[in-house]
Amino acid sequence: MKILFAFDFSMPMYNYNYIFPIGLLSLATILKEKDYDVEIVDLNYLFLDKIINYDTDPMKNLETVAGYITGKNPDIVGFTTTCSSFHNILLLCRLIKNINNKIKTILGGPQSAYMPEKILENYDWIDLICPGEGEAKILDIVKGLEDNDLSSVHGIVYRNNGRISRNAESDLIKDLDTLPLLNYNLIPYPDRWEIAMEITRGCPYNCIFCSTADFWKHKFRRKSIERICKEILSVKNYSSKKQTHIIFTDDNFTTDYNFTMNLCRELQTLNIKWNCDARLDTLDEKLIKEMALAGCKFILIGIESASPAIQKYINKHLNLEKLMYVVELMQENNIEPVPSFIYGFPSETEEDLNMTLNTIYSLFKQKAYRTILHSLCVLTGTQLFEDQKDNLILKDFYSDIADTENFELSRDMISGNKDLFSHFYIFKDSIASRYILLDKFVNFILKLHRFFPETITSLAGLFDDNILSFYKDFLITVPEFTDFFKNRNNFKLIKEQSAIVKHLIDFLTLYINKKSFNDFSYGMISHRFCNEKEELAKGVKSE
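Residues numbered from 1 in each chain as written. Predicted model: local features only at pLDDT ≥ 70, side-chain atom pairs only at ≥ 80, totals over all residues. Heavy atoms only, no water.

### Some thoughts on the overall build of the protein chain
Inference 1: A tally of regular secondary structure across the protein chain gives 23 helices and 18 strands.
Inference 2: For 543 residues, the compact-globule estimate of 2.2 N^0.38 gives 24 Å, and the C-alpha radius of gyration of the protein chain, at 24 Å, lies within 12% of that figure.
Inference 3: Across the 543 residues of the protein chain, 56% fall into the buried class.
Inference 4: Long-range pairs, those at least 24 residues apart, make up 74% of the contacts in the protein chain with a sequence separation of at least 6.
Inference 5: Taken as a whole, the protein chain presents about 23,500 Å² of accessible surface, with 48% of it coming from carbon and sulfur. (Helix = DSSP H or I, 4+ residues; strand = E, 2+ residues; numbered from the N terminus. Rg over C-alpha atoms; globule rule 2.2 N^0.38 Å. Buried < 20%, exposed > 50% of the residue type's maximum accessible area, 1.4 Å probe, protein only. Contact = heavy atoms within 4.5 Å. Areas by Shrake-Rupley, 256 points an atom, 1.4 Å probe, with all protein chains shown as cover.)

And the structure:
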């Protein structure tokens, strides 16, 4: 029996390294150990490597991918689902079934874990859904499909002689050390990938917008330090790079303070570089120093909002007075901070938003250039969704977290199933509905400040450093900015991140030129901008 795992048909136009989905690799490793014919296909890379030619017609792309997959003659095709890829995977599975109805289609991953019965009810071309952990089930699933009897496989939802059955729940894997060491030779196109690794599963916190705690059944588990080091040595043996860089995918790497300290001391002997996610209130000077010595280069810190009222509403309860101190400690220890914020919560006021934007600008002046703002992505299965789903509406824009291909192709599917596609909806009358593309604008000025610090600082100064006022004036003056980001077709021609930067520079140039006609202050800034552009050009040429 041939099993083909496929993933990520979300943005097949960007040419940059991705984090490989280690969940799929873990399942493939288990099957390979039992001598099954198993293959992993990266759908995006089929286009990037021109194995398949990208077409301007989105349906033709899906049809071509379906033909590629069925041409490999699999008996089972399994997909991992995320909010950005879910609709595409549903469309793709239907096309696969149209070509060969004997192929069994399986969904896993976070997006299909909630309301699996409804997915099977609505989309009769999906055969089976595996919510939660798959390692303890995958061999039984494959054997059950071979024998046409899935009745004894715990923790699955599937089609059973014309009806939908949900078997008894499966237990979580108690000891993560029992998981197999990943077979990295199964990774397609290995040079493209950043190596990912997990040391824990679950999260002990209960933020209302996050689905992690529920997905892992509110249980927090971790691997032993001995096992983690063994995995790292396995990665180092696999990697052809002189310096191994690992992305720890844990929701909160620093949940257990003492464990993290002891782990970092062991990591110091392994000569690796790495980055992770952490909560602000788990970091202090001692731990940050140990992480730096262990090779940590980046830490993403989910702040979400600088408003105490919103912190309370989302059940995060961070002490925001600690933020600048922690960021400074990280910078002193050569760890780049990546503070992450969200706007668009249902109870968020303009005052709340300005608190967040002021904090972002303060970080910006502290040279925390990787600070990022997202618009809220409402995920099915979260408390936020359950409490506020009646207030969700579908508009022509959606969260950057769900950024994707083929939204218009799937509009009817999305508009008819708010429960399954809440990530494409926003809250009625929310800050996000009033200030569309604010996240794009904030990330735009953060990115360009690296190249034109005096220009961006001077422009913000004209608005007394009020980023919201700067944003409003910019969008009125340069409607081309809105047109560009609202039209997904513009991105189909962009292959490199440098091309995006060029577009951003063009927008900034247009803004300054337009404003300079009537305002002497902008004329002075225009002169400064030209000087910085010349310096940038000289630097590029010298490289």
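### A short note on unusual backbone geometry
Inference 1: In this structure, histidine 317 takes a positive phi of about 60° despite not being glycine.
Inference 2: Relative to the helices and strands, histidine 317 is located in the loop between α12 (308-313) and α13 (323-332).
Inference 3: Look at histidine 317 and you get partly exposed, because its relative accessible area is 47%.
Inference 4: In this structure, asparagine 334 is a non-glycine residue whose phi angle is positive, near 60°.
Inference 5: For asparagine 334, the position within the fold is in the loop between α13 and β15 (336-343).
Inference 6: Taking relative accessible area as the criterion, asparagine 334 reaches 60% and is therefore assigned exposed.

### Points about helix α4 (residues 86-99)
Inference 1: Taking 1.5 Å of rise per residue, 14 residues should cover 20 Å, and α4 covers 20 Å from first to last C-alpha, within 8% of that figure.
Inference 2: Across the 14 residues of α4, 11 count as buried, placing the element largely inside the fold.
Inference 3: Within α4, burial applies to Phe86, His87, Asn88, Ile89, Leu90, Leu91, Leu92, Cys93, Leu95, Ile96 and Lys97. (Expected span 1.5 Å × (residues − 1).)

### Re the pairing of strand β7 (residues 157-160)
Inference 1: Pairing geometry for strand β6 (residues 128-129) and β7, over 2 bridges, is antiparallel. Residue pairing across strands places leucine 128 opposite tyrosine 158, the latter belonging to β7.
Inference 2: In terms of strand pairing, β7 meets strand β8 (residues 163-166) through 4 bridges, oriented antiparallel. Looking across to β8, one finds that valine 157 is bridged to arginine 166.
Inference 3: The loop that links β7 with its antiparallel partner β8 comprises 2 residues; one of these, asparagine 161, has a positive phi angle of about 55°. (Pairing = 2+ DSSP bridges.)

### Here's the deal with the nonpolar core
Inference 1: Counting 120 residues, the largest nonpolar core has Phe5, Trp274, Met291, Leu438, Phe444 and Phe474 as the members making the most contacts within it.
Inference 2: Residue contributions to this core peak at 8 residues, all from helix α22 (residues 497-516).
Inference 3: Apart from the residues lying within four places of it in its own chain, the contact partners of phenylalanine 5 are Leu24, Leu27, Ala28, Leu31, Val38, Glu39, Ile40, Val41, Gly78 and Ile138.
Inference 4: Among the nonpolar cores identified, the runner-up in size contains 55 residues, and Phe47, Ile126, Ile208 and Tyr398 belong to it. (Core = buried A, V, L, I, M, F, W, Y, C linked by side-chain atoms within 4.5 Å.)

### Looking at the environment of valine 442
Inference 1: Looking at the secondary structure, you find valine 442 in helix α18 (residues 438-449).
Inference 2: Between the C-alpha atoms of valine 442 and phenylalanine 470, which are 28 residues apart in sequence, the distance is 9.8 Å.
Inference 3: In this view, valine 442 contacts Leu357, Ile360, Leu373 and Ile467; residues no more than four positions away in its chain are not counted.

### Looking at the environment of alanine 368
Inference 1: Mapping alanine 368 onto the fold places it in the loop between α14 (350-365) and β16 (372-375).
Inference 2: Expressed as a C-alpha distance, the spacing of alanine 368 and tryptophan 193, which sit 175 residues apart in the sequence, is 26 Å.
Inference 3: The residues touching alanine 368, leaving out its near neighbours within four places in the chain, are Val327, Gln331, Pro337 and Leu363.

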